[in-house]
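# Residue-level structural notes
Spelled out, the chains give:
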Amino acid sequence: CHLECPGPSPARALLTATPIATWIILVLQPPAVQAAALLYGSGCMFVHRPEDQQPRPLESADFEAWAKELKAVSGSFAGCVHSCCDVDEIDLALRLVQWGREFLDGKIYVAFGIHPTNFEEFTDEVEDRLLHALEQCGRQGVAWGECGLDYCRRAKDIEDDPSVRDRMKEAFARQARLAVLRGLPLVVHSRDAEDDTLEVLMRTVPPTHPMHLHSFMGSIPTLERFLHSFPASCVGVAGAVSYDAVGSDGGLFDVARTLPLDRLLLETDGPYMAPNPYRGEESHPGHIPWIAEGLARLKGVSTADVLAAAQANFSRIYGV
């Protein structure tokens, strides 16, 4: 199906059905600021947890069918980055890269890491597996992450055993150092952990190293400190930027106004935070134009300006 965005910033979204458990960032080349290509349709299952996935595994024929529909969209598709941050998803990531080479001219890229909610998985053995997978991907292996700190989802564990916090920080620091050593942009997850996230980054990541601070929902002081300390990095803004409830002082509206155009990225953090007018539905990359529109309204610029800036920033950070 095609969705038409009313008003001065029309955008079309092609929806097809393929069950992948990840966030995916899309890069659109001019004139494709009017087209967002998606991997999901029936159910739009962009999910964080394995139990939310569609039961049927993704097959080569699914990918080939999606690639054919994608090529029929007006504009051009520069690629997408699959985030593999779970040990069980390594083989899927490798298959996606291979199918991308077969059907999309190598335009499927991948980031590897271990998410903070399952940081215990990041053992020496798993690190070796992730690095081997990264090497197998060649030029399609473009980043490390997402990794970081999440004191919300692990709050009960931290309450029961305070050492969980320290061990999570150490797993994050190890991955940050690895990204720097390998020259890979670092994708950072931070939830209810602003001070500790910055503390780890300040001692492990050089100021000039590129990072993507994923789906930022934190404070203005944290944002300003991050932007000042890491001038080569960008900050992701998700669909909640379009909600009236986040308009209070110091909220996401102020984040959007404070974040310079040359430092922003657009993302969905699916399946959560679908932008207005789709709030309450499952979020997917077809909603990116509406996120851009909400951010543009707050910054007093055009939606096309936001989309163009996000594309340029993404290409600079990820080298895609």
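Predicted, not measured: the structure shown is a model, and the values here were computed from it.

## Things to note about the overall build of the protein
Broken down by element type, the protein carries ten helices and ten strands. By residue count, 58% of the 320 residues in the protein fall in the buried class. Restricting to contacts in the protein with at least 6 residues of sequence separation, those with at least 24 account for 72%. Carbon and sulfur atoms make up 51% of the accessible area of the protein, which amounts to about 13100 Å² in all.

## A look at the pairing of strand β9 (residues 234-237)
Burial along β9 is two-sided: Cys234 and Gly236 facing one way and Val235 and Val237 facing the other are all buried. With two bridges joining them, strand β8 (residues 211-213) and β9 adopt parallel strand pairing. The residue of β9 that forms the bridge with histidine 212 is cysteine 234. Considered for its hand, the β-α-β crossover made up of β8, helix α7 (residues 220-229) and β9 is right-handed. Here β9 runs beside strand β10 (residues 264-266); their pairing, made up of three bridges, is parallel. Across the sheet, valine 235 pairs through a bridge with leucine 264, a residue of β10.

## Topic: unusual backbone geometry
Cis geometry marks the peptide bond from glycine 145 to glutamate 146, where omega comes out at 10 degrees. With respect to the helices, strands and loops of the structure, glutamate 146 is situated in strand β6 (residues 141-150). Its identity is not glycine, yet aspartate 192 carries a phi of approximately 55 degrees, on the positive side. Judged by relative accessible area, which is 58%, aspartate 192 ranks as exposed. The phi dihedral of serine 215 falls on the positive side, at around 45 degrees, and the residue is not glycine. Mapped onto the elements of the fold, serine 215 is located in the loop between β8 and α7.

## Digging into the side chain of arginine 263
Note that arginine 263 resides in the loop between α8 (252-258) and β10. One buried charged residue, arginine 263, remains without a salt bridge, the closest side chain of opposite sign being aspartate 262 at 5.3 Å. Reaching out from arginine 263, the side chain makes a polar contact with the backbone oxygen of serine 233 at a distance of 2.6 Å. Setting aside residues up to four positions removed in sequence, arginine 263 forms contacts with Leu227, Phe230, Pro231, Ala232, Ser233, Cys234, Val235 and Asn313.

## Some remarks on helix α5 (residues 163-182)
Taking 1.5 Å of rise per residue, 20 residues should cover 28 Å, and α5 covers 29 Å from first to last C-alpha, within 8% of that figure. Tucked inside the fold, the buried residues of α5 contact α3 (124-137), β6, α4 (155-160), β7 (186-191) and α6 (194-204). Backbone geometry just after α5 places glycine 183 at a positive phi near 70 degrees.

## A closer look at the packing of aromatic side chains
Any pair of aromatic rings gets described here by the distance separating the centres and the angle formed by the planes. The final tally for this structure, using the stated rule, is seven aromatic pairs. Ring geometry for phenylalanine 314 versus tyrosine 318: centroids 4.5 Å apart, planes at 20 degrees, classification stacked. Remark: tyrosine 318 and phenylalanine 314 occur in helix α10 (residues 303-318); sequence separation between them is four residues, near one turn of the helix. Like phenylalanine 314, the residue tyrosine 318 is buried in the burial classification.

## Details of the packing of α3 against α5
At a closest axis distance of 13 Å, the pairing of α3 and α5 adopts a crossing angle of 30 degrees. In this view, α3 runs roughly parallel relative to α5, as classed from their interaxial angle. Crossing of α3 against α5: the hand is right-handed. Across the interface between the two elements, Asp124, Glu127, Leu131 and Glu135 from α3 touch Arg174, Leu178 and Arg182 from α5. For the contact of α3 with α5, the per-class residue count stands at two nonpolar, no polar and five charged.

## Thoughts on the pairing of strand β4 (residues 76-84)
Remark: a regular strand shows side chains that alternate across the two faces of the sheet. Across the nine residues of β4, eight count as buried, placing the element largely inside the fold. Crossover handedness for the path β4 to helix α2 (residues 90-103) to strand β5 (residues 108-112): right-handed.

## A few points about the environment of glycine 79
Looking at the secondary structure, you find glycine 79 in strand β4. Measuring from C-alpha to C-alpha, the distance between glycine 79 and leucine 104 comes to 8.4 Å, with 25 residues separating the pair along the chain.

The rules we used
- Residues numbered from 1 in each chain as written.
- Predicted model: local features only at pLDDT ≥ 70, side-chain atom pairs only at ≥ 80, totals over all residues.
- Heavy atoms only, no water.
- Helix = DSSP H or I, 4+ residues; strand = E, 2+ residues; numbered from the N terminus.
- Buried < 20%, exposed > 50% of the residue type's maximum accessible area, 1.4 Å probe, protein only.
- Contact = heavy atoms within 4.5 Å.
- Areas by Shrake-Rupley, 256 points an atom, 1.4 Å probe, with all protein chains shown as cover.
- Pairing = 2+ DSSP bridges.
- Right-handed = clockwise from strand over helix to strand, strands pointing away.
- Lys, Arg positive; Asp, Glu negative; His and termini not counted.
- Salt bridge = Lys/Arg side-chain N within 4 Å of Asp/Glu carboxyl O.
- Polar contact = N/O pair within 3.5 Å; in protein donor to acceptor, adjacent residues only side chain to side chain.
- Expected span 1.5 Å × (residues − 1).
- Phe/Tyr/Trp six-rings, centres within 6.5 Å; stacked < 30°, edge-to-face > 60°.
- Axes fitted to C-alpha atoms, helices over the stretch in contact; angles between N-to-C directions.
- Parallel < 35°, antiparallel > 145°, perpendicular 65-115°, else oblique.
- Left-handed = near helix turned anticlockwise from the far one by under 90°.
- Nonpolar A, V, L, I, M, F, W, Y, C, P; charged D, E, K, R; others polar.

Geometric descriptors of this kind do not, in isolation, establish any biological role.
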